[in-house]
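Observations on the three-dimensional arrangement
Single-letter residue listing:
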Amino acid sequence: MQVGAVMEQWIGHATAQGAVEQAQIHQQVWSQCGEMLREMTQVTLEHTQTSWEFFELLQTVLENLTLGLIPPAVDQVLISSAQRSRHPELKAVLIMGALETLMPKATAEDGMINDADRQRLKPLFGDALNADTSQDFIEAAFFDYVAMTRPSERLFISYPAADTQGRKTAPSVYMARLRDLFTDVQVQHLQSTDINWPDFSALDELIRWVLLAMEGSRSNPAQTANVLSARAAQQWLNQQTDPAITQRWHHALDSKNRCLITPLPQNLGRFASGAAALSVSELETYAACPLQHFYRYTLHLQQRLEWQMDARSLGLMYHHALDLFYRAVISGTLAWPNCRQEDFEHTLTRAIAESTETLSAAAIADALELKAIAKPLHRQLAIILEAQRRAAQGNHFRPIATELRFGNFLNSDPAELVLPAVNLDGADAPLELRGKIDRLDLDPAGNALLVDYKSGAKKFNLGKFVHGLDLQLVAYLLAVRNAVIPGVGTLHPIGAFYYPLRPAEISVHPAPDEEPLNVTDPAYYKTCKPNGPFDNLAITSLDSRVEAGGSSDWFRITLKNNGEPHAGRNDGLDHPLFYAMLESGLMTMRSIAQGIQDGNIAPSPYKIGTFIPCSTCEFKSICPFPRQGGLFRNLDTTKEYANAKLTAVAYTLTMESR
């Protein structure tokens, strides 16, 4: 194809035309593609891959392909962290966010390998391990010094007076020291001029009350007791002719709506080309804020990835090792759950070794770092899997599939089991939900349990679910509902669980004067309980050992003395509410999908109590929503509110079935 010759021709033509920037683009694309192909050759040389695996690897590499162009002008603005900045000659530097916990930056111990572990492993791995927290703190102070001494003419340091939730912040300790050193330093207090509200009066209080009351009634009518009064006041304000009143009222409305964004034209929407598939994460993101969804999934904006062993990489190691372990269970290589201890250990050791080798070959993380965490990973997975083994001894559920996909995937292996997609009934074009379930367990009656591994402390929240913020487990239940598996028959989902991949805080690292917990004691494993919704009719199927007046050791199940489930100590739902939850989830997902299809991208973040998601949003620097004074969607996430919503759905389903 003579790609090299063509690229050289393009570069020469752009240079001759004076298009220096275009020539740089051609040059960098050509050199980076060559480097990319060389690295992929090294990664895949000793590992046979399917066409789909190669496609996914190539897609990932291309998505992370970035260009760094030298600005054609002499003057330029560079945006960088102090650690990554390597520009010695700068005239002016602006340091932002000089707060107490950020300058110097306070770092916490890694949850996987703490400082004590690093000291014990350092003789074996040396500099291959990252620095501990004390070394990080020393380096942070050094980089702060570098940042403040970098400019040759001017240094500006800024910090916010309050955080995104309006709480007062403390400036860095450097601020007082700089004032002592430089007595003539200029300190300015900048105020926002976005809204010039007049002095508060009775009229302003009325306007504010009307706006807040009407916003609350829109998001949750039950929260506003005086909705009719607020509507009457709003009508009165709309009918006024006094300029002093109308000016303030219209100014307030303009301020409230100043970040409303019209829907995208159909030819610019996500699904302009026709049928499309959505993931659960997309639906939850849109439910949290439509503009965030637009930035992430339509514009594909993302923060620059750093090459490190982050939480996502650790999660991949956990998932990969568990997938290999349970594949051995499904194939019959490991007798489950009544297996010998030596067979259990051998299977787990082999799964971790193969996972380490695979992820290292795929360049997920450094090989030495992967080997360093293999031992604590083995210790934690041994506890988790032993807990699951003991739980399985009390029921008849057995794993039949791992990494089970539902929906239309490009798949080179036609023999792989793939369930149908969840139909979301798009009005303009077909929409469907697709995803992947970590594990599917079945009992002889065809009842299905779904397991999703979580490296963090993720818990299913029924209150967030009814607002579309926690849809994953219900989406999996819908994907399995009425699905037919050859040789098995029709599936009947009775529950789905988040399974924590880290045991609770038990004596895995005992103190010198603390007696280690006996690993033969069942209490050592009872802290690994999964959480998630299930049908209360299936309690005895989940754990046949639980008795009236007692609690299950392996699930969040507690029974009253009369044998009924204890509402406050039980993750299960009564049978009508469980199936109402499925129907409610399907309706919520279809409503969200329709909003995505319609191109509605106006920012509309929620608020739960004092929490707002904007403080952790990766796009807050480019979002027009006013976090200070903006009108959030106030959500009621109490269990009482969620039960009332599901009860209403259950009643509707009952009436429709008559």
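Source: prediction; values computed, not measured. (Residues numbered from 1 in each chain as written. Predicted model: local features only at pLDDT ≥ 70, side-chain atom pairs only at ≥ 80, totals over all residues. Heavy atoms only, no water.)

**Focus: the environment of Ile 539**
- Note on placement: Ile 539 falls in helix H17 (residues 539–542).
- As a C-alpha pair, Ile 539 and Ser 552 span 13 residues in sequence and 9.5 Å in three-dimensional space.
- Filtering out sequence-adjacent residues up to four positions away, Ile 539 remains in contact with Phe 534, Val 546, Ile 557, Leu 559, Pro 565 and Asn 570. (Helix = DSSP H or I, 4+ residues; strand = E, 2+ residues; numbered from the N terminus. Contact = heavy atoms within 4.5 Å.)

**Considerations on the pattern of salt bridges**
- In total, this model carries 15 salt bridges according to the counting rule given.
- For Asp 452, the salt bridge identified is with Lys 454, shortest N-O distance 3.3 Å.
- Taking the relative accessible area as the measure of exposure, Lys 454 reaches 21% and is therefore partly exposed.
- One salt bridge connects Arg 481 with Glu 583, and the closest N-O pair in it is separated by 2.9 Å. In this pair, Arg 481 is assigned in the loop between helix H16 (472–480) and strand S10 (484–485) and Glu 583 in helix H18 (residues 575–597), connecting sequence segments 102 residues apart.
- On the basis of relative accessible area, Arg 481 is assigned to the partly exposed category, the value being 23%.
- Residue Glu 583 is classed as partly exposed on the basis of its relative accessible area of 25%.
- Put simply, Arg 340, Glu 342 and Asp 343 are held in one network by salt bridges that share partners. (Salt bridge = Lys/Arg side-chain N within 4 Å of Asp/Glu carboxyl O. Buried < 20%, exposed > 50% of the residue type's maximum accessible area, 1.4 Å probe, protein only.)

**So, the packing of aromatic side chains**
- As enumerated under the stated definition, the model contains 14 aromatic pairs in all.
- Residues Tyr 295 and Phe 619 carry aromatic rings whose centres are separated by 5.4 Å and whose planes lie at 55 degrees to one another, so their mutual orientation is tilted. Of this pair, Tyr 295 sits in helix H11 (residues 290–298) while Phe 619 is found in the loop between strand S15 (606–607) and strand S16 (633–634), placing the two residues 324 residues apart along the sequence. Of the two residues examined, Tyr 295 and Phe 619, each falls in the buried class.
- Consider the rings of Phe 325 and Phe 344, whose centres lie 5.6 Å apart with planes at 70 degrees: the pair is edge-to-face. Highlighted residues: Phe 325 in helix H12 (residues 311–331) and Phe 344 in helix H13 (residues 341–361), separated in sequence by 19 residues. One exposure class covers both Phe 325 and Phe 344, and it is buried.
- Here a set of aromatic residues connected by ring pairs shows up, and it is made of Phe 325, Tyr 326, Trp 336 and Phe 344. (Phe/Tyr/Trp six-rings, centres within 6.5 Å; stacked < 30°, edge-to-face > 60°.)

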